[in-house]
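Tertiary structure, described
Letter by letter, the chains look like this.
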Amino acid sequence: MTSRLTFEASTARSEALASLEETFEVCGIENPGREARVSLCAASGLSPVALIVDPREPLGSAASRVQEFANRRAASEPLSRIVGKREFWGLSLAITPHVLDPRPETETIVEAALSIFSARRGEALRILDLGVGSGALLCALLTEFGAARGIGVDLSADAAEVALGNLRACGLSSRSEIHVGDWTGGVDGPFDLIVSNPPYIPAADLPGLPREVRDFDPWLALDGGSDGLAAYRRILPESRRLLAPGGWLLAEFGATQARDVRAIAGQCGLSDVTLYQDLAGFDRVLAVAV
């Protein structure tokens, strides 16, 4: 759906907010009130407090930008894509059309790593992020493990550039490297921790994904092959070669894939498996020790 709203320089902030919320609700956008507030603040450069304190102030020169945001959001483009940023683990990260928009459930990997390595927070751990994308996981982990060093690998050169930019912005470039490559090809260990949020959507399911995902996330980061498990058949066997004694692999998977991913681990001789749940209560992360 395309927004038919029109915002003028004289449009009051409160009027714009009400119009945005009504439009987003009609479009079926979840939590339209919050989306309206965030959209208006992002487009106009206002703080949420300013909306409350001066609701009758006109939009002024921000009107055209508010209009643009309204049109794009009403057409199902995620707000994070519109502003080009996503918060992940408290970090503000740049995202582009070349990288997956990091989801909250992926933070489960960071939580699992902190739990597993709680006694080793100060060690010079070596971390490998396979399918690094925006660099969200690597940035979060290097932030939490202050003496660690990390390598991120991605098949997309464009994604690699985004990851590099985010690592620089977070002040982590001196402890990290980004390589363009096909999973573990050309990567030498040993690593104490390998993490991955690989593509796990079965190829036949991609056209039926919600538009916010289907039309705005890169298919390279979504397409998991015929059964959604292709990446795990590459990553899990190689983890035995790359992990140091006492090392761990943490890999995200789809909400219904726990049994299948665990079976692949077993076929690779990886039997020490733990599953971690996301905030919604779904099994979400496979943790394998060697």
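Structure report, in brief. (Residues numbered from 1 in each chain as written. Predicted model: local features only at pLDDT ≥ 70, side-chain atom pairs only at ≥ 80, totals over all residues. Heavy atoms only, no water.)

1. Some details on the overall build of the chain
The following threshold applies: Secondary structure elements are taken from DSSP: a helix is a run of H or I of four residues or more, a strand is a run of E of two residues or more, and numbering for both begins at the N terminus. Radius of gyration: over C-alpha atoms. The globule rule applied is 2.2 Å multiplied by the number of residues raised to the 0.38 power. To sort residues, take the accessible area from a 1.4 Å probe on protein chains only and compare it with the maximum for the residue type: under 20% means buried, over 50% means exposed, and anything in between is partly exposed. In this description, contact between two residues means that some pair of their heavy atoms is separated by no more than 4.5 Å. What sets the accessible areas is the Shrake-Rupley method with a 1.4 Å probe; for residues, cover comes only from the shown protein chains.
The number of helices and strands found in the chain is 11 helices and 9 strands. Taken over the C-alpha trace, the chain has a radius of gyration of 21 Å; the compact-globule value for 290 residues is 19 Å, and the two agree within 12%. In terms of overall dimensions, the chain has C-alpha extents of about 65 × 40 × 35 Å along its principal axes. Looking at the chain as a whole, 50% of its 290 residues qualify as buried. Here the contacts in the chain between residues at least 6 apart in sequence split such that 67% fall between residues at least 24 apart. In the form shown here, the chain has an accessible surface area of approximately 13,300 Å², with 50% of it arising from carbon and sulfur atoms.

2. What about the pairing of strand S9 (residues 283–289)?
Rule in force here: Here, a strand pair is defined by DSSP locating no fewer than two bridges between the strands.
With 6 of 7 residues buried, S9 lies mostly within the body of the structure. Inspection of the sheet shows strand S7 (residues 243–252) paired to S9 by 5 bridges, in the antiparallel sense. Residue pairing in the sheet places Trp 248 in a bridge with Ala 289 of S9. Pairing geometry for strand S8 (residues 273–277) and S9, over 5 bridges, is antiparallel. Note on S9: the bridge partner recorded for Tyr 276 is Val 285.

3. Brief notes about helix H11 (residues 258–267)
Which entries qualify depends on this criterion: By construction, the arc corresponds to the directions joining the helix axis to the C-beta atoms.
Taken together, the buried positions of H11 are Ala 258, Val 261, Ile 264 and Ala 265. One side of H11 carries all its buried residues, which in axial view fall inside an arc of 130 degrees. Exposed residues pointing more than 90 degrees away from the buried face of H11 are listed as Arg 259 and Gln 267. Those residues of H11 that are buried lie in contact with helix H10 (230–242), S8 and S9. Directly beyond the C-terminal end of H11, a positive phi value near 80 degrees is found at Gly 269.

4. So, the sheet that holds S8
Operational definition: Angles run from 0 to 180 degrees between N-to-C directions of axes, and those axes are lines fitted to C-alpha atoms, restricted for helices to the stretch in contact.
Pairing is mixed in the open sheet, where 7 strands are placed in the order S5-S4-S3-S6-S7-S9-S8. Of all the strands in the sheet, just strand S5 (176–180) and S8 have a single pairing partner and so form its edges. Here the strands of the sheet are splayed against their neighbours by 20 degrees on average, with no regard to which way each runs. Here 5 bridges tie strand S6 (residues 191–196) to S7, and the two strands are oriented parallel to one another. Paired with Ser 196 across the two strands is Ala 251, which belongs to S7. Sheet strands touched by helix H8 (residues 157–169): strand S4 (149–154) and S5. Its angle to S5, the strand with the most contacts, is close to 170 degrees.

5. Considerations on a nonpolar patch on the surface
Under the convention used in this document: Patches were defined on residues exceeding 30% relative accessible area and lacking a salt bridge, with like-charge contacts within 9 Å and nonpolar side-chain contacts (Val, Leu, Ile, Met, Phe, Trp, Tyr) within 5 Å. We define a salt bridge as a side-chain nitrogen of Lys or Arg found within 4 Å of a carboxyl oxygen belonging to Asp or Glu.
Taken together, the side chains of Val 49, Ile 52 and Val 53 define a hydrophobic patch exposed on the protein surface, amounting to about 330 Å² of accessible area. For Val 49, a relative accessible area of 53% gives the class exposed.

6. Overview of the pattern of salt bridges
Evaluated as defined, the whole model comprises 16 salt bridges. Between Glu 238 and Arg 241 there is a salt bridge, with its nearest N and O atoms 2.6 Å apart. With Glu 238 and Arg 241 both in helix H10 and 3 residues apart, the pair spans about one turn of that helix. Relative accessible area serves as the criterion here: at 26%, Glu 238 is assigned to the partly exposed category. Given a relative accessible area of 44%, Arg 241 falls into the partly exposed group. In this structure, Asp 278 and Arg 284 form a salt bridge, with 3.0 Å as the shortest nitrogen-oxygen distance. Here the two residues Asp 278 and Arg 284 agree in accessibility, since each one is buried.

7. Description of the nonpolar core
For clarity, the threshold we go by: As used here, the term nonpolar core means buried Ala, Val, Leu, Ile, Met, Phe, Trp, Tyr and Cys residues forming a set that is joined through side-chain atoms within 4.5 Å.
Of all hydrophobic cores here, the largest spans 34 residues; its most connected members are Leu 128, Ile 194, Tyr 232, Leu 236 and Leu 286. Elements that contribute at least two residues to this core include exactly strand S3 (126–130), S4, S6, H10, S7, H11 and S9. Those residues within four positions of Tyr 232 in sequence are excluded, and the remaining contacts are Pro 198, Tyr 200, Pro 237, Ala 251, Glu 252, Phe 253, Gln 257, Val 261 and Ile 264. Ile 109, Ala 113, Phe 117 and Ile 127 belong to the second-largest nonpolar core, a separate cluster that totals 33 residues.

8. A few points about the packing of aromatic side chains
Threshold: Only rings of Phe, Tyr and Trp enter the pairing, Trp through its six-membered ring, and a pair is recorded when the two centres are within 6.5 Å. The plane angle decides the type: under 30 degrees is stacked, over 60 is edge-to-face, the rest tilted. Two limits define a charge over a ring: the Lys NZ or Arg CZ must be within 6 Å of the ring centre, and within 35 degrees of the ring normal.
Within this structure, the stated rule accounts for 1 aromatic pair. Seen in terms of ring centroids, Phe 117 and Phe 145 are 6.3 Å apart; in terms of plane orientation they differ by 85 degrees. Their pairing is edge-to-face. Remark: Phe 145 occurs in the loop between helix H7 (136–144) and S4 and Phe 117 occurs in the loop between helix H6 (107–116) and S3; sequence separation between them is 28 residues. Residue class for Phe 117 comes out buried when judged on its relative accessible area of 1%. One residue, Arg 121, lies across the ring of Phe 145, its end atom 5.6 Å from the ring centre. The residue whose ring lies beneath Arg 126 is Phe 191, and the NZ or CZ to ring-centre distance is 4.5 Å.

Worth remembering: the numbers are spatial, not functional.
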